[in-house]
Each structure stands twice: as C-alpha cells, then as structure tokens.
Amino acid sequence: MPKPKHILVIRLSAMGDVAMTVPVLRALQHQYPELKLTILTKPFFKPFFRDLINVDIISAEINDNHKGVYGLYKLSKQLKSLNIDAVADLHNVLRSKILKFFLFGKRVVQLDKGRAEKKALVKGQSFKQLKTTHQRYADVFKKLGYSIDLSQPIFPKKKNLNEKYLQVIGNDSKPWVGIAPFAAFDGKMYPLNLMTTVIEALSKDYKILLFGAGNEEKTRLTEIASQFKNVINLAGQFTLDEELDIISNLDVMLAMDSGNAHMAAMLGVDVVTVWGVTHPYAGFLPFNHTLKSAIVVDRTQYPKIPTSVYGNTFPKGYESAMASISPNEIILKIRSSIKKASL
C-alpha cells in the first residue's frame, strides 16, 4: 500500500494532550519533509503549531459552526475538498469517530489509548511504566507508513522579547522560573499555601513568572505576586501566542501534571512536575523528560497512587496526598535544575 502524501491529524482537546502532539509532529516533519499535514484542532490551540512547516490548521468550531452531527457533516465536506489521503486520529472520541464516518473511503488509523493497561495501573494490579502518550501518537503514524524517531528532538529557538513583554517582566540577569500552580482537578494540584512558600524562597534568587487562566486564577496569583519582590503574575496579560514566546525564554517551568508542563516541554524548556494522585507511569511525563524531573507522592504512605489517570477520583484519606510533598523538596529540585543548566 503506498504511503499517504497528505494526512489529516485530529486532536481537538485537552490543552496538554494537544501540546503533546507538537514534538511528535515536528519530528515527523523533520524526518519526512515531503509529507503534507492538515491539523484539525480547536481555534485556541492554533499557536501551538506555529513553528511547524508544510502544515495547514483547520479550526474545529465545535460550539458554533461545527456543533452536533450536522456541524460535523459540514466540517467533513470542507475536509474532503483538501484532497486528504489518510486520517491520523490522535483523539479517538465520539466526535472524531463521527467525523471519520463522514470521511469514509479515506484510510484511517486511530490512537490506542491503552485503556486496559491504565485501568490495571489505577486498580493496583500492576505498577510499571506504560507507553508514553508521545509514543502512542508516533505509533499512529507508524501504521500509516511513517516510523518516527523521537530520540533526537529538535526544538524551535527561543523568541526575542520586545518592549511590550519587558515592560511587564523587566529585563535583568536573574534566571527565570515559570510556575503554573493550577490543575484541572484538586487531586493533582499542590496546595496553594505550600506553593506560596516555594515561591517566596525561590523569589530571593530568581525571577518568578506565574501562569494561570481565568479570573479566579488571575485573582489568586495577583494576591501571591503582591507579597514578594521578583514575582510577576502573567495571567490575563498576554495571549496564548505571547505566553509561548515568554515560556520559550524560561530557565525552568514548575508545573503540575498539567497543560503548562507540556507547553514548556514542546519548546525545549526544562520542566519540573509535581504529581499528586496521578503518576508519570500512566504515560504523561513531559516530552524529553525522565522520572528524575518529577516529584511524586511517597507510595509507602499512599500505596494506592495512582488512583486515577486524570486526577479526578481518589479514595478517602487521599485528599491531602499532595500536601505530603515538602516545599523544600520542590525548591531543591528547581535549584538543581537551574544549576545543571548553567554548567
């Protein structure tokens, strides 16, 4: 069977999952520059793919133009006109399945999410490293005839920041530490009072840039930033495209098991991740990182971890699992990362 020359790539959400596609697609393009890609994603995520070449982005307006079955039918007609040879479904949900039905006649490979292995992991039936999400994405393209080597990653150059950025951030020689303290679920968010202790200690030697989204996060980060020197709240001040410019200039990003970790990793930035009731073994470590970059809860104290893949469920008594990680452990890990980068 001949290799497809033009592949439709589907990944609509969530933020971290979309960001994780980027290093894989970048490697695919570098190794197969003749391949044409059309990426279907939500409009908000379009900046993620800005440094890729030979790529078109189609916005899936699932709350408007492309809402419901009829909306997906309209979208499929638009996609058919692009002369696509094959579909790489990196999402594998009901919406993408309906869309693929309307694209009948096209070769389709969909993501294997490894549900059985992940179920065994959270039920305590096994405790071992599962295939990474990045490799699962790469496996989809391998089935389409394009084996991808992820071992020699290439990253875009960090962006030059103009006066608009520097008026907010300042321009001094201290290392920049990004901190994204929020997560989609409480089970994987480090308590904010303990994170404030981390921020206070690190702000004595580094410039701290706080990342968040939405009014509530912005308000809470503003309160923290007002307490210390060298701490700046970026929430609500820049577009996603502009935030990526700033992230590319960080010395290290401190984040939960969340989208910000993957945004930094896709740009080649060192990331320190803090894990609560989830665990890196489920396959969601940031790209090009190892377990050494992760801080996890002590499983002798909380043996049922991971209690879920996404952090949305945990048994009684595990509400405070994240709080068992000391601020000093995080502080030392950040200092070590910056010291290593300076050698």
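Quick note: structure is the one above.
The rules behind these values
- Residues numbered from 1 in each chain as written.
- Predicted model: local features only at pLDDT ≥ 70, side-chain atom pairs only at ≥ 80, totals over all residues.
- Heavy atoms only, no water.
- Pairing = 2+ DSSP bridges.
- Helix = DSSP H or I, 4+ residues; strand = E, 2+ residues; numbered from the N terminus.
- Axes fitted to C-alpha atoms, helices over the stretch in contact; angles between N-to-C directions.
- Contact = heavy atoms within 4.5 Å.
- 1 Å grid on protein atoms, 1.4 Å probe; cavity = no way out; pocket = protein on both sides within 12 Å on 5 of 7 lines; lining within 4 Å.
- Points joined across faces, edges and corners; volume = space filled by probe spheres on them.
- Nonpolar A, V, L, I, M, F, W, Y, C, P; charged D, E, K, R; others polar.
- Buried < 20%, exposed > 50% of the residue type's maximum accessible area, 1.4 Å probe, protein only.
- Right-handed = clockwise from strand over helix to strand, strands pointing away.

J.: Can you walk me through the sheet that holds strand E3 (residues 55-59) in this structure?
T.: As a general point, the strands of a sheet are linked pairwise by backbone hydrogen bonds and lie either parallel or antiparallel. Across the sheet, five strands lie side by side as E3-E2-E1-E4-E5; this open sheet has parallel pairing. The open sheet has two free edges, formed respectively by E3 and strand E5 (107-110), since each of these has just one partner strand. When strand polarity is set aside, the average angle formed by the axes of neighbouring strands in this sheet is 20°. Bridge analysis of strand E1 (residues 6-10) against strand E4 (residues 86-89) gives four bridges, and the strand direction is parallel. Note that in E4 the partner of Leu-8 across the bridge is Val-87. Where helix H2 (residues 68-80) meets the sheet, it contacts E1, strand E2 (36-41) and E3, and its direction lies at approximately 160° from that of E3.

J.: Please explain unusual backbone geometry as it appears in this structure.
T.: Note: most residues except glycine have negative phi, and most peptide bonds are trans. In this structure, the amide linkage connecting Ser-13 to the following residue, Ala-14, adopts the cis form with an omega of -10°. Examined against the element boundaries, Ala-14 turns out to sit in the loop between E1 and helix H1 (15-31). Cis geometry marks the peptide bond from Ile-305 to Pro-306, where omega comes out at 5°. Note that Pro-306 resides in the loop between strand E11 (294-295) and helix H11 (327-342).

J.: Can you help me understand the sheet that holds E11 in this one?
T.: Spatially, six strands are ordered E8-E7-E6-E9-E10-E11 in an open sheet, and the strand pairing comes out parallel. In this open sheet, the two edge strands, each paired with only one partner strand, are strand E8 (231-233) and E11. Relative to the sheet, helix H8 (residues 215-225) contacts strand E7 (207-210) and E8, its axis offset from that of E8 by approximately 160°.

J.: Help me understand empty space enclosed by the protein, please; the structure alone is not making it clear to me.
T.: Taking a probe equal in size to a water molecule and rolling it over the atoms shows the remaining empty space. Tallied over the entire structure, the rule returns one cavity of 30 Å³ or more. Here the largest cavity defines a volume of roughly 30 Å³. The wall of the largest cavity is formed by Ile-10, Leu-12, Leu-40, Ala-60, Ile-62, Leu-72, Leu-75, Arg-95, Ser-96 and Leu-99. Looking at the lining of the largest cavity, the elements with two or more residues in it are H2 and helix H3 (94-102). Counting residues per element, the lining of the largest cavity draws most heavily on H3, which supplies three residues. Its residues placed into classes, the lining of the largest cavity shows eight nonpolar, one polar and one charged.

J.: How should the pairing of E7 be read in this particular structure?
T.: Moving residue by residue along a regular strand, the side chains alternate between the two faces of the sheet. Burial along E7 is two-sided: the face carrying Lys-207 and Leu-209 and the face carrying Ile-208 and Leu-210 are both buried. Across four bridges, the pairing between strand E6 (residues 176-180) and E7 is parallel. Across the sheet, the residue bridging to Val-177 is Ile-208, located in E7. For the handedness criterion, the β-α-β arrangement of E6, helix H7 (residues 192-202) and E7 is classed as right-handed. For E7 and E8, the ladder comprises three bridges, and the chain directions are parallel. Bridge pairing in E8 places Ile-208 opposite Val-231. What joins E7 to E8 is H8, and the crossover it makes is right-handed.

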